[in-house]
Amino acid sequence: MPFIEWVEEMWAIPWLRRLLYSLSVFLIALIVTWPVRGFIRKRIHKRAGQNLRADTLSKLLMSVAGFVVWFLAAVQILKEGLGVDVTSILAAAGVLGVAVGFGAQSLVKDVISGFFLLLENQFSVGENVTIDGYTGTVEELGLRSTRIRGEASGILIVPNGAISKVINNSRGTPPPPPEG
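Just so it is clear, the model here is predicted, and its values are computed rather than measured. (Residues numbered from 1 in each chain as written. Predicted model: local features only at pLDDT ≥ 70, side-chain atom pairs only at ≥ 80, totals over all residues. Heavy atoms only, no water.)

Concerning the overall build of the protein
Here comes step 1: In terms of regular secondary structure, the protein is built from five helices and five strands.
Here comes step 2: Overall, the protein shows an N-to-C arrangement of helices and strands of α-α-α-α-α-β-β-β-β-β.
Here comes step 3: Counting every position in the protein, which comprises 180 residues, the buried fraction comes to 24%.
Here comes step 4: Across the protein, contacts joining residues at least 24 apart in sequence account for 48% of those joining residues at least 6 apart. (Helix = DSSP H or I, 4+ residues; strand = E, 2+ residues; numbered from the N terminus. Buried < 20%, exposed > 50% of the residue type's maximum accessible area, 1.4 Å probe, protein only. Contact = heavy atoms within 4.5 Å.)

Description of a nonpolar patch on the surface
Here comes step 1: On the surface, Val 64, Phe 67, Val 68, Phe 71, Leu 72 and Leu 90 cluster together into a nonpolar patch covering about 560 Å² of accessible area.
Here comes step 2: With five residues, helix α3 (residues 52–81) is the largest single contributor of residues to the nonpolar patch.
Here comes step 3: Mapped onto the elements of the fold, Val 68 is located in helix α3.
Here comes step 4: You can call Val 68 partly exposed: its relative accessible area is 42%. (Patch = residues over 30% accessible without salt bridge, like charges linked within 9 Å, V, L, I, M, F, W, Y side chains within 5 Å. Areas by Shrake-Rupley, 256 points an atom, 1.4 Å probe, with all protein chains shown as cover. Salt bridge = Lys/Arg side-chain N within 4 Å of Asp/Glu carboxyl O.)

A few points about the packing of aromatic side chains
Here comes step 1: What the rule picks out here adds up to three aromatic pairs.
Here comes step 2: Seen from their ring centres, Phe 26 and Trp 70 are 5.3 Å apart, and the 55° between their planes marks the pair as tilted. Of this pair, Phe 26 sits in helix α2 (residues 14–48) while Trp 70 sits in helix α3, and the two are 44 residues apart along the sequence.
Here comes step 3: Judged by relative accessible area, which is 39%, Phe 26 ranks as partly exposed.
Here comes step 4: Where Phe 115 meets Phe 116, the ring centres are 5.6 Å apart and the plane angle is 75°; that geometry is what we call edge-to-face.
Here comes step 5: In this structure Phe 115 comes out as partly exposed when scored by relative accessible area, which is 21%. (Phe/Tyr/Trp six-rings, centres within 6.5 Å; stacked < 30°, edge-to-face > 60°.)

What to know about the side chain of Ser 22
Here comes step 1: Position of Ser 22 among the secondary structure elements: in helix α2.
Here comes step 2: Excluding residues that lie within four positions of it along the chain, Ser 22 makes contacts with Ile 77 and Gly 81.

Things to note about the sheet that holds strand β1 (residues 128–131)
Here comes step 1: Ordered by their spatial adjacency, five strands build an open sheet running β4-β3-β2-β1-β5, and the pairing between neighbours is antiparallel. Each edge of the open sheet carries a strand with a single partner, namely β4 (155–159) and β5 (166–168). Averaged over all neighbouring strand pairs, the angle between strand axes comes to 40°, with direction disregarded.
Here comes step 2: In the sheet, β1 pairs with β5 via three bridges, with the strands oriented antiparallel. In the strand pairing of β5, Ile 131 is matched with Val 166. (Pairing = 2+ DSSP bridges. Axes fitted to C-alpha atoms, helices over the stretch in contact; angles between N-to-C directions.)

Regarding unusual backbone geometry
Here comes step 1: The backbone phi angle of Asn 121 is positive, close to 55°, even though this residue is not glycine.
Here comes step 2: Take Asn 121: it is sitting in the loop between α5 (105–120) and β1.
Here comes step 3: On the basis of relative accessible area, Asn 121 is assigned to the partly exposed category, the value being 26%.

Examining the pairing of strand β2 (residues 134–141)
Here comes step 1: Bridge count for β1 against β2 is four bridges, and the pairing is antiparallel. Note that in β2 the partner of Val 129 across the bridge is Gly 136.
Here comes step 2: Linking two consecutive strands that pair antiparallel, namely β1 and β2, is a turn of two residues; a positive phi of about 50° is found at Asp 132 within it.
Here comes step 3: Examined bridge by bridge, β2 and strand β3 (residues 145–150) share five bridges and lie antiparallel to one another. Paired with Gly 136 across the two strands is Gly 150, which belongs to β3.
Here comes step 4: Joining the antiparallel neighbours β2 and β3 is a turn of three residues.

Structure (structure tokens):
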């Protein structure tokens, strides 16, 4: 039996066609994920250098990109590979997303604020800052919270969404000494 006829005969079997389609979508998602992650890592580190800020931003963007690629692949596999009607699943996920969004408002606010703290480079680990009247050295800067060690006291853990005023004492020119 010639190869072309064999392929046409195999392709006529519905479960085999769906299996091959699902495997190809999976492989395409796997292949797409690698260069996208590499591109993000290279571009972020090229612009920001090798530091904690660049690592955090690249990890966040790689996670988002990976989630989008794998979510689209899963929807395609469910729809075409398994024959599942995904409209009701997507609608339920949308309603669930809204419910979780309302329930986790403070967490979302903290993460978004942390993302912008990193993106705007307002302060970095090791710098001396005053956040809402508390002065200390930044020990850790994450997406959800910031840890500051005060001169005389312990560590203050501030949710990033609660930060309203920041004075970065490590940057800028110091004021001139008083005359007299």
